[in-house]
Amino acid sequence: RRPTPPAGNRHRVEATGNVLEAALCLHLGAADVAERQYDERTLEAARGLRIRHTMDIVEHSLRSQHIQPRGGPQEVLKAAWSTNSIAGILSNAGNKILEVAYRQFPSVARQVAKTLTAKDFKSHTGYRLSGDVLLDEVGAAGEIKHGSLSESAFEFRVATFARMLSLTRQDIINDDLTALAEIPRMIGRGAALKLESVFWNLVLSNSGSFFGIGNGNLIDSPLDVAGLSAAVAAMRRQTDAEGEPIAIGPRFLVVPPELESTADELFASVNVVVSGSEDKVRPAGNVFRNKYEPLVTPYLSNASYSGYSTSAWLLFADPADVAAYGIAYLHGVQSPTIESADADFNKLGFQWRGYMDFGCVAIDPKAAVKSTGDAAE
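Now for a quick tour of the structure.

Rules used throughout
Residues numbered from 1 in each chain as written. Predicted model: local features only at pLDDT ≥ 70, side-chain atom pairs only at ≥ 80, totals over all residues. Heavy atoms only, no water. Helix = DSSP H or I, 4+ residues; strand = E, 2+ residues; numbered from the N terminus. Buried < 20%, exposed > 50% of the residue type's maximum accessible area, 1.4 Å probe, protein only. Core = buried A, V, L, I, M, F, W, Y, C linked by side-chain atoms within 4.5 Å. Contact = heavy atoms within 4.5 Å. 1 Å grid on protein atoms, 1.4 Å probe; cavity = no way out; pocket = protein on both sides within 12 Å on 5 of 7 lines; lining within 4 Å. Points joined across faces, edges and corners; volume = space filled by probe spheres on them. Nonpolar A, V, L, I, M, F, W, Y, C, P; charged D, E, K, R; others polar.

**Things to note about unusual backbone geometry**
Turning to step 1, where the next piece is worked out: In this structure, R50 takes a positive phi of about 50 degrees despite not being glycine.
Turning to step 2, where the next piece is worked out: Relative to the assigned elements, R50 resides in the loop between α3 (40-48) and α4 (54-63).
Turning to step 3, where the next piece is worked out: A residue is classified by how much of its surface remains accessible, and R50, at 58% relative accessible area, is exposed.
Turning to step 4, where the next piece is worked out: One non-glycine residue with positive phi stands out, namely H331, at about 60 degrees.
Turning to step 5, where the next piece is worked out: As for its position among the elements, H331 is in the loop between β9 (325-330) and β10 (337-342).

Below, the structure written as structure tokens:
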């Protein structure tokens, strides 16, 4: 007979890849990431490994492949890397930390834009709302007329954005938790910042006079009750190519930091302060309370971007209904990817590369209104 194992080991979980990845996240101080990504059984096994040093992860990765760690830290690390096991563990754990950092970034672009999918890097065609798709009454002969989408088409494509960072063998051996944990977070946040930069550069450049008098979506009112009323009316008056109302309304009020308090007051205040003799007969209630969610982005007033302004503001419709702009992702992957590999032959270390495939596109000017802030600007 085989001997009965001690009770404490009957439910022991093997140190598989998931367990080691969870243990690495816990060791790097990313317990919130581990708790989101792994079940309780895996977390319990990861805690049971009692990891005290990153090299413990390296040695466990070798043992999981039935390889006994031998020699000093350099030899052990080299042996683990040659099996690609530690590379996979670092990449997978890094990807989970990176994704959380990316998702936690307070993105305004991802809220106001429509999500699009590209199957490759070639140009793709999308379609916006058009009056030519309104349903017609079917006559006695039962004939159904064809609609046309060609007049409402827009093109988009994606590109690759990437960054590479290095990590030395000394960082691993010295258990430099700052470097190990921060590299994925930095790449994740850097990807989010790049997406915001590309998106708002497109909005502020106003290519093709996206915001213009001819499109009925450009006004010159300051941000107050009267100005917001004018912007809302401009959006609700929009019609399609056939002159039919498209019946959309605003959802987001996007402002620069200089107008944040004003936007918050319009959204949250119960009353509006009025002055002047004629105001005695006007209602003091705030008709815009809890109506249009205020979003703040520093890109609108950043002097590094063409078209910046400290007084301009925008209204966006719900992108799930009618979208002004879109963000396309390759194969629908909406977060960056991180990979690790051995450094070049002339360097002792590891390289981490993060990349993301996306593109931004203007879709329909009727789904947004811009105010320059005042008539003089």
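**A closer look at the nonpolar core**
Turning to step 1, where the next piece is worked out: Ranked by internal contacts, the top residues of the largest apolar core, which has 54 residues, are F199, W200, W313 and F316.
Turning to step 2, where the next piece is worked out: Considering every element that reaches this core, the biggest residue donor is helix α9 (residues 177-205), with 8 residues.
Turning to step 3, where the next piece is worked out: Contact partners of F199, with chain neighbours within four places excluded, come to A109, V112, A113, Y325, I327 and C360.
Turning to step 4, where the next piece is worked out: By size, the runner-up hydrophobic cluster in this structure holds 41 residues, among which are V33, L43, I57 and A80.

**A closer look at the side chain of S221**
Turning to step 1, where the next piece is worked out: By secondary structure assignment, the location of S221 is in the loop between β5 (218-219) and α10 (225-236).
Turning to step 2, where the next piece is worked out: Residue S221 is classed as buried on the basis of its relative accessible area of 17%.
Turning to step 3, where the next piece is worked out: Sequence-distant contacts of S221, that is, excluding residues within four places in its chain, are made with G227, A230, W313, S371, G373 and D374.

**Describing empty space enclosed by the protein**
Turning to step 1, where the next piece is worked out: With the rule as written, the count across this model stands at 1 cavity of 30 Å³ or more.
Turning to step 2, where the next piece is worked out: Lining the largest cavity, in full, are L24, L28, L90, A93, G94, I97, L180, P184 and W352.
Turning to step 3, where the next piece is worked out: Sorting the residues of the lining of the largest cavity by element identifies α6 (85-104) and α9 as the ones contributing at least two each.
Turning to step 4, where the next piece is worked out: Element by element, the count of residues in the lining of the largest cavity is highest for α6, at 4 residues.
Turning to step 5, where the next piece is worked out: Counted by class, the lining of the largest cavity contains 8 nonpolar, 1 polar and no charged residues.

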